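Notes for the structure review
Residues per chain, in single letters:
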Amino acid sequence: MSTFDPGFLWGAATSSYQIEGAVAEDGRGPSIWDTFAATPGAVRGGDTGAVAADHYHRFPEDIALMSQLGLRAYRFSLAWPRIQPTGSGPVNQRGLDFYRRLTDTLLDHGIQPWPTLYHWDLPQPLEDAGGWPVRDTAERFAEYAALTHDALGDRITHWTTLNEPWCSAFLGYATGRHAPGRREPAAAVRAAHHLLLAHGLAAEAIRDDDSHVGITLNLTHVTPLTTEPADLDAARRVDGMQNRLFLDPLLRGAYPDDVLDDLREVTGTGHIQDGDLKRIGAPLDHLGINYYAPTLVAGSTAPVQSAYVGSPLVRVADGGRPKTAMGWEIDDKGLLALLLRLKADYPAVPLYITENGAAFDDVVERDGVAGVAGAVHGAVREVVHDADRIAYLDGHLRSCARAIGQGVPLKGYFVWSLLDNFEWSFGYGPRFGIVHVDYATQRRTAKDSAHWYAEVIRRGGL
Ligand code: IFM
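Around the barrel, eight strands lie side by side as β1-β2-β3-β4-β5-β7-β10-β14; this closed barrel has parallel pairing. For this sheet, the mean angle separating the axes of adjacent strands, direction not counted, is 25 degrees. Inspection of the sheet shows strand β7 (residues 286-290) paired to strand β10 (residues 351-355) by four bridges, in the parallel sense. Note that in β10 the partner of L287 across the bridge is L351. Sheet contacts for helix α8 (residues 165-173): β3 (112-118), β4 (158-163) and β5 (212-218); angle to β5, the most-contacted strand, approximately 45 degrees.

Turning next to the site of the ligand. Taken together, Q18, H119, W120, N163, E164, Y292, W328, E355, W416, E423, W424 and F432 form the complete shell of residues around the ligand. The side chain of H119 places a nitrogen or oxygen atom 2.8 Å from an oxygen atom of the ligand. E164 places a polar side-chain atom, nitrogen or oxygen, 2.7 Å from a nitrogen atom of the ligand. For the ligand, whose accessible area on its own is 280 Å², the fraction buried by protein is 94%. A molecule is said to occupy a pocket when more than half its atoms come within 2 Å of that pocket's grid points, and by this definition the ligand occupies the largest pocket. Looking at side-chain class alone, the shell around the ligand contains six nonpolar, three polar and three charged residues.

Below, the discussion takes up empty space enclosed by the protein. Take a probe with the size of a water molecule and roll it over the atoms, and the empty space left behind shows itself. Per the stated rule, a full pass over the model turns up four cavities of 30 Å³ or more. Here the largest cavity is characterised by a volume of approximately 100 Å³. In terms of lining, the largest cavity is formed by V189, A192, H193, L245, Y255, L260, L263, R264, G268, T269, H271 and I272. Elements represented by at least two residues in the lining of the largest cavity include exactly α9 (185-206) and α11 (257-267). For the lining of the largest cavity, the class distribution of residues is seven nonpolar, four polar and one charged. In this structure, the second largest cavity is lined by I32, W33, Y118, W120, W132, C167, S168, Y173, H178, A179 and P180. Elements that contribute at least two residues to the lining of the second largest cavity include exactly α2 (32-37) and α8. Per-element tally for the lining of the second largest cavity: the top contributor is α8, with three residues.

Turning our eyes to something else, we now look at the pattern of salt bridges. Taken as a whole and assessed by the stated rule, the structure comprises 39 salt bridges. A salt bridge links D233 to R236, with the shortest nitrogen-to-oxygen separation between them at 3.0 Å. With D233 and R236 both in helix α10 (residues 229-252) and three residues apart, the pair spans about one turn of that helix. Judged by relative accessible area, D233 falls into the partly exposed class, the value being 29%. Looking at R236, the relative accessible area reads 27%, which means it is partly exposed. Between R237 and D262 there is a salt bridge, and its shortest N-O distance comes to 3.7 Å.

Its volume calculated, the largest pocket comes out at about 1,200 Å³. Lining of the largest pocket is provided by 42 residues; of these, W166, L171, Q242, Y308 and W328 occupy positions nearest its centre. Secondary-structure elements contributing two or more residues to the lining of the largest pocket are α8, β8 (295-299) and β9 (314-317). In terms of residue count, β9 provides more of the lining of the largest pocket than any other element does, four residues in total. Split into classes, the residues belonging to the lining of the largest pocket amount to 21 nonpolar, 14 polar and seven charged. The calculated volume of the second largest pocket comes to roughly 270 Å³. Around the second largest pocket sit 13 residues that line it, and A174, T175, P185, Q305 and S306 are the ones nearest its centre. Taken together, the residues of the lining of the second largest pocket sort by class into seven nonpolar, five polar and one charged.

Counting residues in hydrophobic clusters, the biggest one holds 147 residues, and the most contacted among them are W33, Y118, W132, F141 and F170. The element contributing the most residues to this core is α9, with 12 residues. Not counting chain neighbours up to four residues away, the residues in contact with F170 comprise T175, A188, V189, A192, M241, L245, F246, A307 and V309.

Rules used in this analysis
Residues numbered from 1 in each chain as written. Predicted model: local features only at pLDDT ≥ 70, side-chain atom pairs only at ≥ 80, totals over all residues. Heavy atoms only, no water. Pairing = 2+ DSSP bridges. Helix = DSSP H or I, 4+ residues; strand = E, 2+ residues; numbered from the N terminus. Axes fitted to C-alpha atoms, helices over the stretch in contact; angles between N-to-C directions. Contact = heavy atoms within 4.5 Å. Near = heavy atom within 4 Å. Polar contact = N/O pair within 3.5 Å; in protein donor to acceptor, adjacent residues only side chain to side chain. Areas by Shrake-Rupley, 256 points an atom, 1.4 Å probe, with all protein chains shown as cover. 1 Å grid on protein atoms, 1.4 Å probe; cavity = no way out; pocket = protein on both sides within 12 Å on 5 of 7 lines; lining within 4 Å. Sits in = over half its atoms within 2 Å of the grid points. Nonpolar A, V, L, I, M, F, W, Y, C, P; charged D, E, K, R; others polar. Points joined across faces, edges and corners; volume = space filled by probe spheres on them. Salt bridge = Lys/Arg side-chain N within 4 Å of Asp/Glu carboxyl O. Buried < 20%, exposed > 50% of the residue type's maximum accessible area, 1.4 Å probe, protein only. Core = buried A, V, L, I, M, F, W, Y, C linked by side-chain atoms within 4.5 Å.

Structure below.
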């Protein structure tokens, strides 16, 4: 049996726009995701987060479910446009009150609140003023962080500044697959720096004797297709853009030289000001890692448009492994390799897997018969036999246990996701939850993976 330390933090994660709904309630302002989702063709099926899993109204029920599952921590995000509807100026008390109620209900159930200050829902007025490519957005973020910490710091100890700044910068401003949907590679590089600066400024603003401050990155284990020079260079570049562009300034206080060289022609370095890297590289109390899949890369003879700005001759290859419903390759060894690499290459910092999980084509059954979700009422039991998700989670948790056994300071694990939710430009199609949500009725059904995870937590291992 793989066992984990009794203090290992077992949790589940969600984010505001993906589950809350209630986008126009209690003074919330519009975010870039409201605008993007309303743009024809931006999100599959025209889906939006307007209702999502209606968590804004159903959070007591959801927290009761978390408690039944035995979760020790809940990672959620605070919607900046609920707290500061225009991204600057005074707080919206009703928005803060929602998070106070949420947090208090968690604490009443003995579940540790683990909030992220920014999971992609930038107030629209800040995008109208230039968005993350503009330095002022970082200053605004620090102000929002300070206001929020002032209001909730009496009940929250662990804070995460940003979720996956790589996505905000390169999917938001280079490929345009995410809000705000801009395709401006040079702006994306500036956005990446200003996101890191936003982290540094916010961490400074909220750090006190009681707070632990960290950031969450989406990291991947990159391997070259062959040992040909073009493939090796592709691997260096992808590792540089997705991993080291964020890890190095945060943990070593400097950007990697090779990545700066690759980007020099795209946007130069004029947006990096004296003192920025000192702020960005201030010690972290924890680093969150979101891991889903490895990345196999190769050189390309023809230019490829991708999120890897400055590296047009790079393509992602197929490793031939089984895939999730997102088309992502399943490789738990990649997580182990990533954790060991962090230990080998960077100063030690407490690590948490803040997201790991998989979308599969779940089937809701009733009394063992495949059925339509939510169509059954009364005493008939609905079930989701998601053996593929259990196998995915089991494999990745075994990698966590092995990493800990080899000295990696991994302190906790949050499954993505607690609930099925709005999967960004893919809409409601992909289902990542360990709890099924019938979007027509908002009925929640714990999948087999939820029961399995509850048992893992109860036993403290696999
Ligand atoms: O749903 C997302 C989440 O918002 C950020 N990390 C990856 C998840 C799956 O795509």
